[in-house]
Structures are given as structure tokens and as C-alpha cells.
Amino acid sequence: MQERLFCIRVGHLLPFSMPDSNTTHFTNPSTFILQGIPGLEAAHVWISIPFCAMYILSILGNVTTLFIVKREPSLHEPMYYFLCMLAITDLVLCTSTIPKLLSIFWFNSREIGFSACLTQLYFVHTFSVIESGIYVAMAFDRYVAICDPLRHSTILTNNVVAKIGLAVVLRGAVLALPYPFLVRQWPYCRTNIIPHTHCEHMAVVKLACADIRVSTYYGLFALISRITFDVLFIALSYTQILRAIFHLPTKDARLKTFGTCSSHLCVILTFYIPTLFYSFTSRFGHNLPLHFHVLIANVYLLVPPMVNPIIYGVRTKQIRESLIRLFPHKGTKVLS
């Protein structure tokens, strides 16, 4: 027996017929329901504890980084300007998703408006691309600082740094722009329940009762083109940097320079490995449990914002010294 349903499409309603067993009556066609972590609903409260702790660390770490760089005139250099851009990006990225995730876990607040869903989706994709672009800019800064140190201050002036930052932001905004438009054009008539903690692109479009290959292909194109360009540029930069390091005259100079670069490499790996893993498993890992996909998606959005200020705070001498000066103690000696 079939009954007549309405197929949700933003701006208008289309008639659609499906078997009773495969349909869901929508109480409010203008909203989606975020399921959280499918299969682990009973453990939501316990899972929220590490997520909340990581979110607090992310906020404190990145705000502290911004405060230290603003407070210390000696840190008003390209490397630290890019680090501030990274901190702001991380704050936006984790704040776009984690508060809603915690409201699902703590208050069972699962509803999200269609427009709010599209906005969240756009912010996540935009700032993920921006973060990747900032890593490219930081690799370029390290390349110039190590391979051509005498010209570093003339090449990376404040004006150039501002233009690089603007280009990175524009690239992220433009690359992510098709996502909400593609999501908006599909009709949704199967269900309005998203098996996720936030409005992730593939999780949303899989609810559409239409051929979504355009969304899938664009998502792959945007991912592969961005990752290919960014990773290739970073790899080329660090190949030249390593060659320059090995030609330094003393062992101490080599170790000091390599220590500065190693923190950047750790941050890059922390960002790209979960990003690539999640992006490909969400499209091709059909045999993996759904809760595994959702957990990995949250890890790649939350772990980099948490570890970035920790890595830079521990590995960067200038930031470490400035942080110690914020909490002076009698007899404290700043480690070199």
C-alpha cells in the first residue's frame, strides 16, 4: 500500500510516493534531526566528557596564543601572524560543531534548521580549506626564513602577509560555496534524520531522493585538488628546507632549525592524516560501522585545534618564554 507524501525541497513541495516501510513523516519539513553518534546513544553523556575537555583546551590554547602574540612586540613577525591566523581558524572550526554536539549529548537538542544546517556545513568546509592554506603559507615562510634568510624581511612584509591571508580566505570561501547550493537543490523525502553530530556534506546529501553524483564528484574534486596542491607545495618546501638544514655549518644550528620545522610538520600531519582518512572512508568505507565514521569526523575537526597551540607552545622557544613570563615565580629560569 502506498500513501502520498511530500518531498522536501527548499522553496517548494513536490509530490512523491514511496512504500510505507521506507518513509518517515516529517513533523517539521524545515528542520533536520541530528542523531549524534548512531549506535552509541546510551554512551553520549560519557563520550561528551573527553569532547568537552578537548574543546575547552582548544579554546584556552588558541586564545592564549593570540594573547601572547598580541602582547609581545618581538613576536610581530610573519611566522606568528600565520600562527594567529591558524588559531582563529581553529577556534571557528571547532566552535562551528562542538557546541551543537554537546547540546545533543547533554540536552538531547537534536533539531537544526535547514538554513542553520547549510551555514554549519559551509563554515566547516570553508575553514577546513582555510586551515590547509595556512599550512602552505607557513611552509613558504619557513622556506624563505631558512633558505634565503637575508631577504626574509623584504619578501614577507606585512603587506605581503596580509595579501597571502586574504588569498587563503578567498580560496576557502570560493571552494566551499558550491556545497550549500548543491545541498539546497536536492529534494529530501526519505527522512530528515542525519546520522551524524553535525551537518556533514555527504551525510546530508545521502538523504536526498535524487541522483547525488554531482555532489559526490564535486566533493572529491575539491578535496583532491586542494590536498594535491597543498601537500605538493608543502613537500617541495620542506625538501628544500631539509637540504638547507644539512648544509648548516654546526650541529647545534642544524638541531635548532630542525626543531622549529618539526613542530610545523607535526601539526601538518595531525591535520592531513585524519582529513584524508575520513574523506575517503566516508565515500568508500561502506563496511565500516557508522559510529566509526562519525567519531573520525569529530576527531579531525577537534584534535588539530587542541594540539596546535600545545605543539607550538612546547616547541617554539619565543612562545614558551612569553608564556612563562605571564606566570612569574621566584627563582624561575627560562629554559633555552
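All values derive from a computational prediction rather than experimental measurement.

Colleague: Mind showing me how you'd approach the confidence of the model for the protein here?
Modeller: The predicted coordinates ought not to be read in detail in places where the model reports low pLDDT. Averaged over the protein, the pLDDT score is 82; the fraction of residues at 70 or greater is 86%. At the level of individual helices and strands, the protein shows its lowest average pLDDT in strand S2 (residues 12–19), which scores 40, and its highest in helix H6 (residues 158–176), which scores 95.

Colleague: Honestly, unusual backbone geometry in this entry has me stumped. Any pointers?
Modeller: The general pattern is negative phi for most residues beyond glycine and trans for most peptide bonds. Notably, Asn108 is not glycine yet its phi reads approximately 55 degrees, a positive angle. Inspection of the secondary structure assignment puts Asn108 in the loop between helix H3 (98–107) and strand S4 (111–113). The class of Asn108 is partly exposed, set by a relative accessible area of 49%.

Colleague: What is the right way to look at the packing of helix H1 (residues 44–71) against helix H2 (residues 78–95) in this model?
Modeller: In a pair of packed helices, the angle between the axes and the distance between the axes together describe the arrangement. Axis separation between H1 and H2 bottoms out at 9 Å; the angle between their running directions is 155 degrees. In this view, H1 runs roughly antiparallel relative to H2, as classed from their interaxial angle. In this structure, H1 meets H2 at a crossing whose hand is left-handed. Of the residues in H2, those touching H1 at Tyr55, Ser58, Ile59, Asn62, Val63, Thr65, Leu66 and Val69 are Tyr80, Leu83, Cys84, Ala87, Ile88, Asp90, Leu91, Cys94 and Thr95. A per-class count over the contact of H1 with H2 returns 12 nonpolar, four polar and one charged.

Colleague: Quick question: what am I supposed to make of the environment of Tyr312 here?
Modeller: Examined against the element boundaries, Tyr312 turns out to sit in helix H11 (residues 290–315). For the pair formed by Tyr312 and Cys266, sequence separation is 46 residues and the distance between their alpha carbons is 9.7 Å. Sequence-distant contacts of Tyr312, defined by excluding residues within four places in its chain, comprise Leu83, Leu86, Met138, Ser263, His264, Val267 and Ile319.

Colleague: Any chance you could explain the state of the cysteines here in plain terms?
Modeller: Disulfide: a covalent bond formed between the sulfur atoms of two cysteine residues. Scanning all chains against the criterion turns up one disulfide. The residue that forms a disulfide with Cys117 is Cys199, at a sulfur-sulfur distance of 2.0 Å. Where Cys117 bonds to Cys199 through sulfur, the torsion about that S-S bond is close to -125 degrees, and the disulfide is left-handed. Note that Cys117 is positioned in helix H4 (residues 114–147) and Cys199 in the loop between strand S5 (193–194) and helix H8 (201–205), a separation of 82 residues in sequence.

Colleague: Looking at this model, I keep getting lost on helix H7 (residues 178–185). Mind explaining?
Modeller: For the α-helix, the turn length of 3.6 residues means that residues three or four positions removed from each other point alike. All of the buried residues in H7 are Tyr179, Pro180, Leu182 and Val183. Taken down its axis, H7 places every buried residue within 160 degrees of arc, on the same side.

Colleague: I'm lost on the sheet that holds S5 in this one. Help?
Modeller: Sheets are built from strands paired through backbone hydrogen bonds, the pairs being either parallel or antiparallel. A sheet is described by the order of its strands in space; here three strands give the open sequence S4-S3-S5, paired in mixed fashion. This sheet does not close on itself; its edge strands, each paired only once, are S4 and S5. Against the sheet, H4 touches strand S3 (31–34), S4 and S5, its axis set at about 85 degrees to S4.

Colleague: I'm lost on the packing of H2 against H4 in this one. Help?
Modeller: Orientation of H2 relative to H4, taken along the N-to-C sense of each, is 165 degrees, at an axis distance of 9 Å. Comparing the axis directions of H2 and H4 gives the class roughly antiparallel. Here H2 runs over H4; the crossing is left-handed. Facing H2, whose interface residues are Pro78, Met79, Phe82, Leu83, Met85, Leu86, Thr89, Asp90, Val92 and Leu93, H4 presents Phe123, Val124, Phe127, Ser128, Ile130, Glu131, Ile134, Tyr135, Ala137, Met138, Asp141 and Arg142. Of the residues assigned to the contact of H2 with H4, the class counts are 16 nonpolar, two polar and four charged.

Colleague: Just checking my understanding: could you explain the packing of aromatic side chains for this structure?
Modeller: In this structure the tally under the stated criterion is 12 aromatic pairs. Ring geometry for Phe114 against Tyr188: centres 6.1 Å apart, planes inclined by 65 degrees, an arrangement best described as edge-to-face. With Phe114 in helix H4 and Tyr188 in the loop between H7 and S5, this residue pair connects regions lying 74 residues apart in the sequence. The same class applies to Phe114 and to Tyr188, which are both buried. Counting every residue linked through ring pairs, the aromatic cluster contains Phe32, Phe114 and Tyr188.

Colleague: Where do I start with the nonpolar core in this structure?
Modeller: Generally speaking, soluble globular proteins have nonpolar side chains that are buried together. Of all hydrophobic cores here, the largest spans 46 residues; its most connected members are Leu86, Tyr135, Met138 and Ile234. Elements with a contribution of two residues or more to this core: H1, H2, H4, H6, helix H9 (213–246), helix H10 (251–284) and H11. With 10 residues, H4 is the single largest residue contributor to this core. The residues touching Leu86, leaving out its near neighbours within four places in the chain, are Glu131, Ile134, Tyr135, Met138, Val267, Asn308 and Tyr312. Counting residues in hydrophobic clusters, the runner-up holds 39 residues, among them Cys52, Val183, Val205 and Ala208.

Colleague: What exactly am I supposed to notice about the pattern of salt bridges here?
Modeller: Tallied over the entire structure, the rule returns five salt bridges. Residue Arg71 pairs with Glu72 through a salt bridge whose shortest N-O separation is 3.2 Å. Between Asp230 and Arg171 there is a salt bridge, with the nearest N and O atoms lying 2.9 Å from each other. With Asp230 in helix H9 and Arg171 in helix H6, this pair connects stretches of sequence that are 59 residues apart. The exposure class assigned to Asp230 is buried, which follows from its relative accessible area of 0%.

Reading the values: rules and limits
- Residues numbered from 1 in each chain as written.
- Predicted model: local features only at pLDDT ≥ 70, side-chain atom pairs only at ≥ 80, totals over all residues.
- Heavy atoms only, no water.
- pLDDT = per-residue confidence, 0-100.
- Helix = DSSP H or I, 4+ residues; strand = E, 2+ residues; numbered from the N terminus.
- Buried < 20%, exposed > 50% of the residue type's maximum accessible area, 1.4 Å probe, protein only.
- Axes fitted to C-alpha atoms, helices over the stretch in contact; angles between N-to-C directions.
- Parallel < 35°, antiparallel > 145°, perpendicular 65-115°, else oblique.
- Left-handed = near helix turned anticlockwise from the far one by under 90°.
- Contact = heavy atoms within 4.5 Å.
- Nonpolar A, V, L, I, M, F, W, Y, C, P; charged D, E, K, R; others polar.
- Disulfide = S-S within 2.5 Å.
- Arc of directions from axis to C-beta.
- Pairing = 2+ DSSP bridges.
- Phe/Tyr/Trp six-rings, centres within 6.5 Å; stacked < 30°, edge-to-face > 60°.
- Core = buried A, V, L, I, M, F, W, Y, C linked by side-chain atoms within 4.5 Å.
- Salt bridge = Lys/Arg side-chain N within 4 Å of Asp/Glu carboxyl O.

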